[in-house]
Amino acid sequence: MNTFGIVNFGLFCVAVLLLNATPGPDTAYIIGRSVAQGRAAGMVSALGISVGCLFHSVASAFGLTAIIATSATAFMLVKMAGGAYLIYLGIRMVMTKPIRPTESPILQDNRPLPKIFWQAVLTNILNPKVVLFFLSFFPQFVSTDTEHKTTAFLLLGATFVIMSTIWNSGTAFLAGTLARRAGRNPHIKLWLERVVGSAFVALGIKLAFSKN
């Protein structure tokens, strides 16, 4: 990796692993979809989050992330849009209606998988914390005197995306499996969705009104 100007690659991988283990909007969305619609929806959510990370990787490699972070107006717009979007998703989950005896629990909140995918992409792209993470974290592992900074950023981004996809897929599988068992009792599933939805609203408010 030193050939491409990347330093402390092993430490980078450890840091990415620890970051993925820390709950945030991305994890909340994956768990929320897994609880509401099962493992397949959770896996698609994980892929959507990965595409969002890929976007940030390319943006950081070509300087777009730095432009957003240094423009107060652009950064505030991203913050407000991201927070509002999470609040919207959370309210939808909180307001989930109880399942009627004649209603299939599988079909109650059966969003199309493409819609779930693009919602996950937006959840990640509109998270200003991710913008700051890529801006402040990635440069620590790129040599200042290398001539391959763009390549280094892209390789680190690819590593980040691969590791995150593996971790998030595992999260989706576990959450979907647990939700499937809980789903045998519609009332438990309903309250699980409301708890996750409330967490979404809280995250959205924190995201929109945080000072950094």
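Structure shown above.
First, a word on what this report is: a plain description of the structure on this page. (Residues numbered from 1 in each chain as written. Predicted model: local features only at pLDDT ≥ 70, side-chain atom pairs only at ≥ 80, totals over all residues. Heavy atoms only, no water.)

**So, the overall build of the protein**
No. 1: Across its full length, the protein holds nine helices and zero strands.
No. 2: Residues counted as buried form 46% of the 212 residues belonging to the protein.
No. 3: Considering only contacts in the protein between residues 6 or more positions apart, those separated by 24 or more positions represent 83%.
No. 4: Accessible surface, the protein: about 11,100 Å² in total, of which carbon and sulfur atoms supply 71%. (Helix = DSSP H or I, 4+ residues; strand = E, 2+ residues; numbered from the N terminus. Buried < 20%, exposed > 50% of the residue type's maximum accessible area, 1.4 Å probe, protein only. Contact = heavy atoms within 4.5 Å. Areas by Shrake-Rupley, 256 points an atom, 1.4 Å probe, with all protein chains shown as cover.)

**Structural notes on the packing of helix α3 (residues 39-61) against helix α7 (residues 128-137)**
No. 1: With their axes 10 Å apart at the nearest point, α3 and α7 run at an angle of 45° to one another. Taken together, the axes of α3 and α7 are oblique relative to one another. Between α3 and α7 lies a crossing whose hand is right-handed. For the pair formed by α3 and α7, the contact residues are Cys 53, His 56, Ser 57 and Ser 60 on the first element and Val 130, Val 131 and Phe 134 on the second. (Axes fitted to C-alpha atoms, helices over the stretch in contact; angles between N-to-C directions. Parallel < 35°, antiparallel > 145°, perpendicular 65-115°, else oblique. Left-handed = near helix turned anticlockwise from the far one by under 90°.)

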